[in-house]
Structures are given as structure tokens and as C-alpha cells.
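Here is how the chains run, residue by residue.
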Amino acid sequence: MGYVFPPQNTVTLPVAGSEDRLPVRRILCVGRNYAAHAREMGKDPDRDLPFFFSKPTDAVVMDNETVAYPAETANFHYEAELVVAIGKEGRDISMESSLEHVWGYAVGNDLTRRDLQLAAREQGRPWDMGKAFDRSAPVGPIHPVSTVGHLSTGEIKLTVNGEVKQQADLSELIWSVPEIISILSSFIELKPGDLIMTGTPAGVGAMVPGDVCVVSIDGLGQITTIIGAAE
Ligand code: MN
């Protein structure tokens, strides 16, 4: 048996302070998980169950890489997010045991074609072309829980060309990391290498070619993404 063409390489992320790398399985994302961001998107923040969408694994972009301004959009947005890396499989995970499934944390940026996402939302269509496009998921090195512990507070901040655009605290998450893991695992079995992007604070906005976007979270460092010319 041979492959009819070469299989896709495994996507991996660096582990902070180590030569090891974390293999990425899936990228799962939480929608509207900060109240002020829900409001700026024209929705009332509430405690209805969170909703989820996903990005393909090979949408991952490393720190300091250039992302070409994507095709088919005129409103390309940044979204600073805390990323949770799952290290232990499980389904129907209880809130009490959910943190045992976390291997580490990272800084992420949920790049979004906002015009396409909102058009899809209004028409009741899937978000994929607004959210799950090529190179839509810059993620920084994974910081192991064994080093940084679990994060429930701490500043999350995003700048574009040095100007602060988003600034909030992880304690403002509507659904906490343990709650997200528990709820998500009632729908799907979580497995090692699954990444969860936990939602963005208020202040989302557009970028243009030449912009330099930096996302930072207390304890996790920062990641830089450069926006290149249109693809
Ligand atoms: Mn997001």
C-alpha cells in the first residue's frame, strides 16, 4: 500500500522552555465569552449555554509569522484569546475534574473575516469561511501547567502597531475554563492535542496590510503577527 500523495505533516506547537513540541489535533473555539464583546457584536450577554465552532488544524500560525491579508474580505479582524491545550482524553468530564485534562495554556489570535462571519450569522449559515480559513489561528508556545499552573485571572491585551485595542482580565470570561471543558465534552470526546480558543474581550477591530498585532497574557508572554500584502 502506498499513499496516493504525501499525507499532511503533523501540525505542532513549541513547548515553552523545552525542545519538545505539542502535536495539534483540532482547534475548537468558544463564541461570545466576554460580556462587553457580546454587546459590541449586538448580542445580550447571557448564561445560555456557550456555542462552539472550529478551525482546521493547519490554520495554525507560529509566533512572528506574516499572515497575508486574506482573500474575500474587506473587514479582517483580530481577536485576542486564551488558548487551552488538552492533554488527556475524556467525555462528559465533570467540572471538578476538568482541569486534570489541561496540559497547558497559550496566547492565541482568532483571526476573523468579520464581514463574512456576520453575513453568515444573519443568514443562518455556517461560519466556516469567516472563521476557519487558511492561517486564521496564530498560537504561541504552549506553557505547561507544571510550570504556570492554571489561569483564571490575569491581563489579556492586544495591540496593533503599539496601540492598545483590547485589554481585559481572564476573570471576566462568562464561561470559565473548567465550565468550557465540561460542557464541550458533553458534545464531543476531547483528546490530547485539542486546542480550545476561549473567546475574545471587547475591542475587536480591523487590520490592514503592514499592521503588526501583538497579543499578550500575564504569565504566557506574547505573540506577534504581521499582516502582509493581500494574497
Ligand atoms: Mn473568537
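One can find the structure itself at the top, above this paragraph.
Because the structure is a prediction, the values reported are computed rather than measured. For every chain, the first residue of the written sequence is number 1, and numbering continues from 1 onward in sequence order. Local features are withheld for residues below a pLDDT of 70 in this predicted model, meaning they are given only at 70 or higher, and side-chain atom pairs are given and counted only at 80 or more; totals for whole chains, interfaces and linings count all residues. Side-chain descriptors were evaluated using all non-hydrogen atoms of the structure, hydrogens and water having been removed beforehand.

Draft legend 1. Representation of helix α2 (residues 114-123) in the model. Working definition: with a 1.4 Å probe on protein chains only, accessible area under 20% of the residue-type maximum means buried, over 50% means exposed, and in between means partly exposed. Comment: elements are numbered from the N terminus, with helices defined as DSSP H or I runs of at least four residues and strands as E runs of at least two. Among the residues making up α2, those that are buried are R114, Q117 and A120. The buried residues of α2 all sit within an arc of 130° when viewed along its axis, so they share a single face. Buried positions along α2 lie against β7 (76-78), β10 (112-113) and α3 (128-131). Here the arc refers to the set of directions running from the helix axis out to each C-beta atom. We call two residues in contact when some of their heavy atoms are within 4.5 Å.

Draft legend 2. Layout of the pattern of salt bridges. Put simply, a salt bridge is a Lys or Arg side-chain nitrogen that is within 4 Å of an Asp or Glu carboxyl oxygen. Inspection of every chain in the model, using the stated rule, returns nine salt bridges. R26 is the partner of D194 in a salt bridge, and the nearest nitrogen-oxygen pair spans 2.8 Å. With D194 in strand β15 (residues 194-197) and R26 in strand β3 (residues 26-30), this residue pair connects regions lying 168 residues apart in the sequence. Here E79 and R114 are joined by a salt bridge, their closest N and O atoms 2.8 Å apart.

Draft legend 3. Region of the structure containing the sheet that holds strand β14 (residues 163-169). As summarised here, the arrangement of the five strands in space is β6-β18-β17-β13-β14, forming an open sheet in which the pairing is mixed. Edge positions in the open sheet fall to β6 (65-69) and β14, since each of these has one partner strand only. Going across the sheet, the axis of each strand differs from the next one's by a mean of 20°, ignoring polarity. Here, strands pair whenever DSSP counts at least two bridges between them. Bridge count between β6 and strand β18 (residues 221-230): five bridges; the pairing is parallel. Angles here are taken between N-to-C directions and fall from 0 to 180 degrees, while the axes themselves are lines fitted to C-alpha atoms, restricted in helices to the stretch in contact.

Draft legend 4. Main features of empty space enclosed by the protein. Within this scheme a cavity is a closed region of a 1 Å grid, computed over the protein atoms alone, that accommodates a 1.4 Å probe without allowing it to escape, whereas a pocket is open but has protein on both sides within 12 Å along at least five of seven lines; lining residues each have an atom within 4 Å of a point. Grid points are joined across faces, edges and corners, and a volume is the space filled by probe spheres set on the points. Scanning the entire structure with this criterion turns up one cavity of 30 Å³ or more. The computed volume of the largest cavity comes to approximately 100 Å³. Lining the largest cavity are 15 residues, with G31, R32, H37, E79 and K131 positioned closest to its centre. In this classification, Asp, Glu, Lys and Arg are treated as charged, Ala, Val, Leu, Ile, Met, Phe, Trp, Tyr, Cys and Pro as nonpolar, and every other residue, Gly included, as polar. Residue composition of the lining of the largest cavity, grouped by class: four nonpolar, five polar and six charged.

Draft legend 5. Spotlight on helix α5 (residues 177-187). Most of α5 is tucked away: eight of the eleven residues are buried. For α5, the complete set of buried residues consists of V177, E179, I180, I181, S182, I183, L184 and S185. Structurally, α5 contributes buried residues whose contacts are with β3, β4 (52-55), β8 (80-86), β9 (102-109) and β15.

Draft legend 6. Inspection of the coordination of the manganese ion at higher detail. Note that water is not among the atoms considered, so a metal site may appear incomplete; the donors listed are N, O and S atoms within 2.8 Å of the metal, with 3.2 Å applied to Na, K and Ca. Coordination of the manganese ion by the protein comes from E79 (OE), E81 (OE) and D110 (OD), over a distance range of 2.0 to 2.1 Å. For the manganese ion, all donor residues lie on one chain, and their spacing in sequence is E-x1-E-x28-D. You can see E79 sitting in the loop between β7 and β8 and its partner D110 sitting in the loop between β9 and β10, a full 31 residues away along the chain. For D110, a relative accessible area of 0% corresponds to the buried category.

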